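# Architecture at a glance
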Amino acid sequence: MNVHASHTSHGSQKSFDYPLQDARGATCTAHAWAKVPPPQTPAQRAAAKEHAARLLKLHDAVLVAHYYVDGDLQDLALETGGCVADSLEMARFGRDHAAKTLVVAGVRFMGESAKILSPDKRVLMPDLDATCSLDLGCPPDEFAAFCDAHPDRQVVVYANTSAAVKARADWMVTSSCALAIVRHLKEQGQKILWAPDRHLGRYIQEQTGADMVMWNGACIVHDEFKGLELELLKQQHPGAQILVHPESPQSVVAMADVVGSTTQILDAVVQGSAQEYIIATDNGLLHRMRQLAPGKTLIEAPTAGNSATCKSCAHCPWMAMNALQGVVDCLEHGHGEIVVPEDVRRQALGCIDRMLAFVKANPGALQAPRRGFVPEVGAA
Ligand code: SF4
């Protein structure tokens, strides 16, 4: 293993560059939070849900929602024959569904993935400004220069990237097949260029010993979880299982009973024998957990808290921009449509197809022990 190269990162920590910044010019999520629709009364929510359900039927559309979006949207998706899932399953569900229009409640790269896999369908999103710090922190032109500087490496990117970044990649991976694919590449004698999440990259490098150079991105939600505070919380709940998404910092992953994608964390609660669970991922997932595992105690892992540095407090501001009214608006007016240029789409499809083919051909490679990555394909 080339120790030097394996720990190389691309420059200093990449901050995401949100177009609207705060008064001091600092990047922040204030604009995203400002666009989060105000809470509605129960009567308003029921009326909006009914209206959205009617429009989905009228427009031959299906709602595909991520686990992190508002509970009303998750319920609407399930009640109208759509799905609530992780990002890859959302794209696969959309591809295999007969509906002519997909309404994707999540963030922009999820809408793009749906369009890449379903080019003949119309893909709408409640708010096209809903994005992701990993995507924003990995601009295609800078990423292309990084790839150009390492022409001897296989380019492996996480699902949380734009179509343009995927178009430059050899492989796309999700959080649970990443380990098997990087191990496979290492066995072939390949060196890796990894982007964009530095925590997930570090975890994979530790587990596989692969020679990896890394982009230095982070998820603003998972990056906020704190190892020391988690240790203190565990002392108060010694019987609790700690479930951690691998986009979290090393000190948090080190304490995990299970490290896995959103779907695997959900499964660990539903199938687990423990009564209490400490969850280190976006708290939007707790809505579905409460439905599928009533009676179990779910505790949010500690973040930086409501301090000046906390951008998320365990909830993604961009996911929070999705609301029932956005579904109504995009279907009524046809706005929020995802467009991916055909040449970019075709190139991006290559790295996704390669991953899907690997997973199909190597189901055994994904069977990991419960502690560590949980098998099956999943993503943030
Ligand atoms: S939770 Fe993190 S990885 Fe997921 S969309 Fe938000 S910023 Fe991106």
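This text follows the structure it describes.
Described below are features of the structure shown in this document. (Residues numbered from 1 in each chain as written. Predicted model: local features only at pLDDT ≥ 70, side-chain atom pairs only at ≥ 80, totals over all residues.)

### What about the sheet that holds strand β3 (residues 101-105)?
Each strand in a sheet pairs with another by means of backbone hydrogen bonds, the pair being arranged parallel or else antiparallel. Put simply, the test is: When DSSP finds at least two bridges between two strands, those strands are taken to pair. Secondary structure counts use DSSP, requiring at least four H or I residues in a row for a helix and at least two E residues in a row for a strand, with both numbered from the N terminus. Interaxial angle, 0 to 180 degrees, is taken between N-to-C directions of lines fitted to C-alpha atoms, where a helix line uses only the stretch in contact.
Taken together, 4 strands build an open sheet; the order of strands is β2-β1-β3-β4 and the sheet is parallel. Each having just a single partner strand, β2 (83-85) and β4 (122-124) make up the two edges of the open sheet. Taken pair by pair, the neighbouring strands of this sheet meet at an average axis angle of 25°, ignoring direction. Looking at chain direction, strand β1 (residues 61-66) and β2 are connected through 3 bridges and run parallel.

### A short note on the environment of Val339
Among the structural elements, Val339 can be located in the loop between α16 (324-333) and α17 (342-361). On a C-alpha basis, the gap between Val339 and Val123 in space is 8.1 Å, while along the polypeptide they are 216 residues apart.

### Quick notes on α16
Here is the rule: Residue burial is a threshold on neighbouring C-beta atoms within 10 Å of the residue's own C-beta, all placed from the backbone, with 20 or more meaning buried, 12 or fewer meaning exposed, and counts in between meaning partly exposed. Think of the arc as the fan of directions from the helix axis to the C-beta atoms.
Within α16, the full set of buried residues consists of Leu324, Gly326, Val327, Cys330 and Leu331. The arc that holds the buried residues of α16, viewed along the axis, is 165°, so those residues lie on one side. Phi turns positive one or two residues past the end of α16, at Gly334, with a value near 70°.

### What to know about the environment of Leu88
Position of Leu88 relative to the elements: it lies in helix α5 (residues 87-96). Since 28 C-beta atoms lie within 10 Å of it, Leu88 is described here as buried. Separated by 71 residues in sequence, Leu88 and Ala159 place their C-alpha atoms 7.8 Å apart.

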